[in-house]
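Structural overview for review
This is what each chain is made of:
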Amino acid sequence: MLRAASVGLGWWSDELASSIQGKSSALRITACSSRSAEKRTAFAQKFSAQPYESYEAVLADPAIDAVILTTPHSLHAAHVTQAAKAGKHVFVEKPFDVSAAAAKSAAEACQKAGVVLAVGHNRRFAPAALAIRKLVTEGGLGQILHAEAQFSNPSAMNYTPERWRASRAESPGGGIAGMGVHMIDLLQWMLGPIERVRSLAKRQAVKVDIDDTTSALFEFASGQTGYLGTLTACPRQGYFYLYGTAANAYARVDDHELSLQRAGAAKPEPVTLTPVDTLHAELEAFARAGAGGPDFPVPPRDAIHTVAVMEAMVASAAKDGAPVKPAF
């Protein structure tokens, strides 16, 4: 069993821990660390984990095999590199970092140290996404023409200035790092690398100084086009659509819903899916990889490319939507 420490304790660390603790024979969270003594104590009591006062103390303990990082976005690459040098396997929440160059350096550190690197793009484990991926690889949609994705919620409406997510450094382009990167990952998983980006980002409704309305047009290296929208000030919305010459796929990935509009058919036909806990699935996949099993399903190269696309979106928005090529 992989013995892991949860580092950076907030609402998302609890979500991950709740999905796996006591529910897996492959991974157990045995330790935790946060700069906040209150958060350390609360997490330790809730999940029966040993609290550590510092990240360095976690990395120095030979009884800990791996770390689960849910620290601020801009610290991810540095924390991953520290873990790699200490010989710990690493699960890091998305985005890999806010800098593709930093993410690439961290991935190289993991490769050099021979440790597993897993970036938490959990939507790859969703039944709807897996079903669409199968259709794409088997040619079930015909020639793919275009993709559309949306991931939004009103989370930033409640942000206050002291929260780390309420800064442009940690939330570049508004909702991209928190939500949009999930859809960027699915887009490139289905269609390959994104070659060119045009983006707009605006602050319209939130009180803190981050954007709340962000959209982008993509051109893929393989020739298809795509669209992404991500807002942090509107009611929850999320979908992933692919359009092909033989069929269109319409998915609400988080709701485990998928339908196909086939050429010549009058109405879309629903696809039966069995829901899964994607957080549990990704952590078990991480544990299996750490135990010498199959590679984690999100290659580091893909996670780095997602960050490069995020950077390109922010750069394009700063230039009033001028085209930008992701630097990767």
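As the structure is a computational prediction, the values presented were derived from the model and not from experiment.

The rules we used
Residues numbered from 1 in each chain as written. Predicted model: local features only at pLDDT ≥ 70, side-chain atom pairs only at ≥ 80, totals over all residues. Heavy atoms only, no water. Helix = DSSP H or I, 4+ residues; strand = E, 2+ residues; numbered from the N terminus. Rg over C-alpha atoms; globule rule 2.2 N^0.38 Å. Buried < 20%, exposed > 50% of the residue type's maximum accessible area, 1.4 Å probe, protein only. Core = buried A, V, L, I, M, F, W, Y, C linked by side-chain atoms within 4.5 Å. Pairing = 2+ DSSP bridges. Axes fitted to C-alpha atoms, helices over the stretch in contact; angles between N-to-C directions. Contact = heavy atoms within 4.5 Å. Phe/Tyr/Trp six-rings, centres within 6.5 Å; stacked < 30°, edge-to-face > 60°. Parallel < 35°, antiparallel > 145°, perpendicular 65-115°, else oblique. Nonpolar A, V, L, I, M, F, W, Y, C, P; charged D, E, K, R; others polar.

1. Re the overall build of the protein
Looking only at helices and strands, the protein has nine helices and 14 strands in total. Taken over the C-alpha trace, the protein has a radius of gyration of 20 Å; the compact-globule value for 328 residues is 20 Å, and the two agree within 12%. Expressed as lengths along the three principal axes of its C-alpha atoms, the size of the protein is roughly 60 × 40 × 35 Å. Within the span of the protein, comprising 328 residues, buried residues form 54% of the whole.

2. Points about the nonpolar core
Most often, soluble globular proteins keep nonpolar side chains buried together rather than apart. Within the largest apolar cluster, 73 residues are counted, with the highest numbers of intra-cluster contacts made by F96, F218, F240 and L242. Tallying contributions element by element places helix α7 (residues 176–191) first for this core, with 11 residues.

3. Some remarks on the sheet that holds strand β2 (residues 27–33)
Read from one edge to the other, the open sheet built from six strands follows the order β3-β2-β1-β4-β5-β6, with strand pairing classed as parallel. With one partner strand each, in any of the chains shown, β3 (50–52) and β6 (117–120) form the two edges of the open sheet. Averaged over neighbouring strand pairs, the angle between their axes works out to 25 degrees when direction is ignored. Bridging between strand β5 (residues 89–93) and β6 involves four bridges; their strand directions are parallel. Across the sheet, F91 pairs through a bridge with A118, a residue of β6.

4. Section: the sheet that holds strand β10 (residues 225–231)
Pairing is mixed in the open sheet, where eight strands are placed in the order β8-β9-β10-β7-β11-β12-β13-β14. Across the chains shown, the open sheet's two edge strands, defined by having one partner strand only, are β8 (194–202) and β14 (269–270). Across four bridges, strand β11 (residues 237–244) lies against strand β12 (residues 247–252) in antiparallel orientation. Residue Y241 lies in a different strand from β12, and its bridge partner there is Y250.

5. Section: helix α4 (residues 76–85)
Burial analysis of α4 places seven of its 10 residues in the buried class, the great majority of the element. Those residues of α4 lying buried are H76, A77, H79, V80, T81, A83 and A84. Of the surrounding elements, those touching the buried residues of α4 are α3 (55–60), β4 (66–69), β5, α5 (100–113) and β6. After α4 finishes, the residue G87 shows a positive phi value of roughly 80 degrees.

6. Regarding unusual backbone geometry
A cis amide bond links K94 with the next residue in sequence, P95, at an omega value of -10 degrees. Structurally, the position occupied by P95 is in the loop between β5 and α5.

7. What to know about the packing of aromatic side chains
Applying the stated rule across the entire model yields seven aromatic pairs. An angle of 70 degrees between the planes, with centres 5.0 Å apart, marks the rings of W11 and W12 as edge-to-face. Look at W11 and you get exposed, because its relative accessible area is 53%. With a relative accessible area of 18%, W12 lands in the buried category. Chaining the aromatic ring pairs together yields one cluster made of Y239, Y241, Y243 and Y250.

8. Re the packing of helix α1 (residues 11–20) against helix α8 (residues 278–290)
A pair of packed helices can be characterised by two numbers: the angle between their axes and the separation between those axes. At their nearest, the axes of α1 and α8 sit 8 Å apart, and the two run at 75 degrees to each other. The orientation of α1 with respect to α8, classified from their angle, is roughly perpendicular. The segment α1 lies against α8, with W12, E15, L16, S19 and I20 engaging L279, H280, E282, L283 and E284. By residue class, the composition of the contact of α1 with α8 is five nonpolar, two polar and three charged.

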